[in-house]
Amino acid sequence: AVVSTQSTGDKIMEWRERHVTRWNRHCRVIMRQLLPQLEAGSLSDEDQMSAMSEIMNSYHLTGFPINMRYSDASTIIESVYSTNVHVAEDTQVEFALTVYIHPYPNNVLSVWIYVGTLTKKY
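Residues numbered from 1 in each chain as written. Predicted model: local features only at pLDDT ≥ 70, side-chain atom pairs only at ≥ 80, totals over all residues. Heavy atoms only, no water.

Novice: I'd like a rundown of the overall build of the protein, residues and numbers included.
Specialist: On a plain count of helices and strands, the protein comes out with four helices and four strands. Secondary structure elements in the protein, listed N-terminal to C-terminal, are α-β-α-α-β-α-β-β. C-alpha atoms of the protein, sized along the principal axes, occupy 50 × 35 × 20 Å. Within the protein, the proportion of its 122 residues that are buried is 36%. A fraction of 71% describes how many contacts in the protein between residues 6 or more apart in sequence connect residues 24 or more apart. (Helix = DSSP H or I, 4+ residues; strand = E, 2+ residues; numbered from the N terminus. Buried < 20%, exposed > 50% of the residue type's maximum accessible area, 1.4 Å probe, protein only. Contact = heavy atoms within 4.5 Å.)

Next comes the structure, spelled out in structure tokens:
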């Protein structure tokens, strides 16, 4: 089975079984737009910060993209787990997650996962 935003998000919720997991869909949409540009190598750090500026005006954002060649779903899930993003304990924390898969010849898949936590600025 190939990894997806839904299956990866389900895993994060499973790892946080004692906490409510809130998803920030607006941030996910922005992240999703950035991943194909990252794959193409056409997104500068400044462009990435500019795209996230609306979110960062209202939230403290901690997050990053992960890129790896697809081997199997469990390896991808393990890489997300190893970020420890799921251990955020702030009761107001929100999560953003998206997955983008870019196919190449010979059944090679480039998997991008953008994952982050957001807390409102006061």
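So, next bit.
Novice: For the sheet that holds strand β2 (residues 59–69), give the residues involved together with the corresponding values.
Specialist: Where strands meet in a sheet, backbone hydrogen bonds hold them as pairs that are either parallel or antiparallel. Pairing is mixed across the open sheet formed by four strands, whose spatial order is β1-β3-β4-β2. Across the chains shown, the open sheet's two edge strands, defined by having one partner strand only, are β1 (22–23) and β2. Of the strand pairs in this sheet, β2 and strand β4 (residues 108–120) are connected by 11 bridges, and their pairing is antiparallel. Bridge pairing links Met68 to Val111 in β4. (Pairing = 2+ DSSP bridges.)

Novice: Tell me about the packing of aromatic side chains, and name the residues and values.
Specialist: Per the counting criterion, the structure on display carries two aromatic pairs. Ring centres 4.8 Å apart and planes at 75° place the aromatic pair Trp15 and Tyr81 in the edge-to-face group. Of this pair, Trp15 sits in helix α1 (residues 5–15) while Tyr81 sits in helix α4 (residues 73–81); the two residues are 66 residues apart in sequence, bridging distant segments of the chain. Given a relative accessible area of 22%, Trp15 falls into the partly exposed group. (Phe/Tyr/Trp six-rings, centres within 6.5 Å; stacked < 30°, edge-to-face > 60°.)

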